[in-house]
Amino acid sequence: GTAQRGGGVYCSGGTPTIVGNTIVGNTVTADGGGIFADEDSQPTIANCIVWDNTDSLVQCGATYSCIEGGGDGYGNIDLDPLFEDATNQDYRLHSTSPCINAGNTSVADTGGTDLDGNPRVRGARVDIGAYEAESSAPPYTGPVWYVDDDAPDDPAPGDPSASDVNENGSPEHPFDSIQDGID
């Protein structure tokens, strides 16, 4: 169906927390196809994919999220999330998705699970969206952490927002930025 505002999420007052969601394919007749926050609402939005909606965010911002058209907030990316099969509503992340290992683990439910029941953090960092991608690289525990935005497996050399699916700080799979290593 079509709503007037807030096709995916409508925030009316309060301080709702919206973390680790995939909000896709919503249409509205006015504004806020993805997420709409009225003037009395101050939502916290993080690690979300807001894509292919009439518009993405209205009267709110997000952090460490994949926002079509961009969005106010630190760590956001405006890159196709590369779903497995969006045409058939399979919103799991493809192995080359820029959303893999791109979220903020400090706000994630690290003891929780994704929509498939998998552990919420499976790689070096939490993934953006409702699903965690499988990581074939084992956790790397240091003591030296490696950073190289132009590593061989990096899907977008020179773009720290697009991560290697196996990014874990090891020499084989270095972080894209020092901030990635800290997070």
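As the structure is a prediction and not an experimental result, all values here were calculated from the model. (Residues numbered from 1 in each chain as written. Predicted model: local features only at pLDDT ≥ 70, side-chain atom pairs only at ≥ 80, totals over all residues. Heavy atoms only, no water.)

Trainee: I'm lost on the packing of aromatic side chains in this one. Help?
Mentor: Centre distance and the angle of the planes are the two values used to describe a pair of aromatic rings. Scanning the model with the defined rule gives three aromatic pairs in all. Their ring planes at 35 degrees and their centres at 5.2 Å tell us that tyrosine 10 and phenylalanine 36 sit as a pair that is tilted. Taken as a pair, tyrosine 10 in strand 2 (residues 9-11) and phenylalanine 36 in strand 6 (residues 35-37) lie far apart in primary sequence, 26 residues in all. Exposure remark for phenylalanine 36: the relative accessible area of 6% places this residue in the buried category. Considering the side-chain rings of tyrosine 64 and tyrosine 74, the 5.6 Å spacing of their centres and the 70 degrees angle between planes classify their relative orientation as edge-to-face. On the criterion of sequence distance, the pair formed by tyrosine 64 in the loop between strand 9 (57-58) and strand 10 (66-67) and tyrosine 74 in the loop between strand 10 and strand 11 (83-85) is long-range, its members being ten residues apart. (Phe/Tyr/Trp six-rings, centres within 6.5 Å; stacked < 30°, edge-to-face > 60°. Helix = DSSP H or I, 4+ residues; strand = E, 2+ residues; numbered from the N terminus. Buried < 20%, exposed > 50% of the residue type's maximum accessible area, 1.4 Å probe, protein only.)

Trainee: Would you take a moment to explain the sheet that holds strand 10 for this structure?
Mentor: Hydrogen bonds between backbone atoms are what pair the strands of a sheet, whose relative direction is either parallel or antiparallel. Read from one edge of the open sheet, three strands run 4-8-10, paired in parallel fashion. Each end of this open sheet is capped by a strand with a single partner; those strands are strand 4 (22-24) and strand 10. Here strand 4 runs beside strand 8 (residues 49-51); their pairing, made up of three bridges, is parallel. Within strand 8, the residue paired with isoleucine 23 across the bridge is valine 50. (Pairing = 2+ DSSP bridges.)

Trainee: Please clarify how the environment of glycine 8 should be interpreted in this entry.
Mentor: Within the secondary structure, glycine 8 sits in the loop between strand 1 (2-5) and strand 2. Spatially, the C-alpha atoms of glycine 8 and asparagine 26 are 5.8 Å apart, while their sequence positions differ by 18 residues. If we ignore the near neighbours within four places in the chain, the residues touching glycine 8 are Ile23, Asn26, Gly33 and Gly34. (Contact = heavy atoms within 4.5 Å.)

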